[in-house]
Amino acid sequence: MSERPTRPAFVPRGEERLFYDRLREHELVFQRCTSCARVVFPLRTVCPGCGSETALTVERAEGGGVVHSWTTQHRAPHPHFATPLTLALADLDEGFRVLAAVPEPTDLAVGARVRVGFDDVDPDLTLLRLDVVTGRTDPEEARG
């Protein structure tokens with residue numbers, strides 16, 4: 001049996017560095033603009049709502065959300081990655097969306113409640129994952 005190829009190198013830049021450093025601490029972070037109150041994700045240097053270069057603060061997300069959409073990939077983007085790979089797009093309670101792997105997609109459905117989790121790939125890389133916590137919910141109730 002042959003080994004899978006080595007994972008491609010990943011070197012975060014700019015705001016990515018803060019994001020991935022905090023993932024290693026098992027924290028998902030986003031930004032909020034103190035000038036216009038916009039929620040910002042992914043992390044940026046300038047608020048896309050008002051253009052402020054000084055008003056973005058970093059906040060920790062609680063990690064709960066609702067599945068907006070999902071798919072299962074059967075072709076890996078690189079030979080290192082195993083398939084099938086289920087990915088979900090989730091609307092988090094803080095007001096932004098994330099895309100992450102769903103390792104156990106048995107009860108996965110649009111509208112299902114999910115919780116953010118963390119996969120320590122190696123000492124230098126932690127990735128976000130989504131864990132299903134309940135089945136499908138009423139769309140109005142799910143959005144708060």
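Values in this document were obtained by computation on a predicted structure and should not be read as measured data. (Residues numbered from 1 in each chain as written. Predicted model: local features only at pLDDT ≥ 70, side-chain atom pairs only at ≥ 80, totals over all residues. Heavy atoms only, no water.)

Details of the packing of aromatic side chains
Part 1: All told, the structure shown has 5 aromatic pairs when counted by the stated rule.
Part 2: Taking the centre distance of 5.7 Å and the plane angle of 65° together, the rings of phenylalanine 19 and phenylalanine 41 count as edge-to-face. Residue phenylalanine 19 is located in helix H1 (residues 14–24), and its partner phenylalanine 41 is located in the loop between strand E2 (39–40) and strand E3 (56–60); the two are separated by 22 residues in the primary sequence.
Part 3: Owing to a relative accessible area of 14%, phenylalanine 19 belongs among the buried residues under this scheme.
Part 4: Among the aromatic residues, ring-to-ring pairing joins Phe10, Phe19, Tyr20, Phe30, Phe41 and Phe96 into one connected group. (Phe/Tyr/Trp six-rings, centres within 6.5 Å; stacked < 30°, edge-to-face > 60°. Helix = DSSP H or I, 4+ residues; strand = E, 2+ residues; numbered from the N terminus. Buried < 20%, exposed > 50% of the residue type's maximum accessible area, 1.4 Å probe, protein only.)

Observations concerning unusual backbone geometry
Part 1: Cis geometry is adopted by the peptide bond preceding proline 42, which originates at phenylalanine 41 and carries an omega value of 0°.
Part 2: For the bond running from threonine 83 to proline 84, omega is 0°, close enough to zero to count as cis.
Part 3: Structurally, proline 84 is set in the loop between strand E4 (64–73) and strand E5 (85–92).
Part 4: For histidine 26, which is not a glycine, the phi torsion comes out positive at approximately 60°.
Part 5: In this structure, histidine 26 sits in the loop between H1 and strand E1 (29–33).
Part 6: For alanine 37, which is not a glycine, the phi torsion comes out positive at approximately 70°.

Observations concerning the sheet that holds E1
What links the strands of a sheet is backbone hydrogen bonding, and the strands pair in either a parallel or an antiparallel sense.
Part 1: The strand order across the open sheet built from 3 strands is E2-E1-E3, with neighbouring strands paired in antiparallel fashion. A single partner strand is all that each edge strand has here, and the edge strands are E2 and E3.
Part 2: Strand direction decides the pairing type here: E1 and E3, joined by 5 bridges, are antiparallel. When the sheet's bridge partners are listed, phenylalanine 30 is paired in E3 with glutamate 59. (Pairing = 2+ DSSP bridges.)

With respect to the nonpolar core
Part 1: Membership of the largest hydrophobic core comes to 22 residues, with the highest contact counts inside it found for Leu28, Leu92, Phe96, Val98, Val116, Leu128 and Leu130.
Part 2: At the level of secondary structure, the elements contributing two or more residues to this core comprise H1, E1, E5, strand E6 (97–101), strand E7 (112–122) and strand E8 (125–136).
Part 3: It is E7 that provides the largest number of residues to this core, a total of 4 residues.
Part 4: If sequence neighbours within four positions are ignored, leucine 28 has contacts with Phe19, Leu23, Phe41, Glu59, Arg60, Ala61, Leu92, Phe96, Val98, Val116, Phe118 and Leu128.
Part 5: Core analysis: the next-biggest nonpolar cluster, separate from the first, contains 5 residues, Cys33, Val40, Ala55 and Leu56 among them. (Core = buried A, V, L, I, M, F, W, Y, C linked by side-chain atoms within 4.5 Å. Contact = heavy atoms within 4.5 Å.)

Section: the UniProt feature "domain: ChsH2 C-terminal OB-fold" (unreviewed entry) in the protein chain
Part 1: UniProt records the feature "domain: ChsH2 C-terminal OB-fold" (unreviewed entry) at residues 60–119, using the numbering of this structure.
Part 2: In residues 60–119, helix accounts for 0% and strand for 53%; the two terminal C-alpha atoms are 18 Å from one another. (UniProt positions renumbered as here; feature names shortened; annotations may be inferred.)

Focus on the pattern of salt bridges
Part 1: A full pass over the atoms with the stated rule returns 8 salt bridges.
Part 2: In this structure, the salt-bridge partner of aspartate 91 is arginine 97, at a minimum N-O distance of 2.4 Å.
Part 3: On the basis of relative accessible area, arginine 97 is assigned to the partly exposed category, the value being 40%.
Part 4: Between aspartate 131 and arginine 129 there is a salt bridge, and its shortest N-O distance comes to 2.9 Å.
Part 5: According to the relative accessible area criterion, arginine 129 is buried, its value standing at 19%.
Part 6: Ionic contacts of the salt-bridge type, sharing partners, join the residues Arg22, Glu27 and Arg60 into one network. (Salt bridge = Lys/Arg side-chain N within 4 Å of Asp/Glu carboxyl O.)

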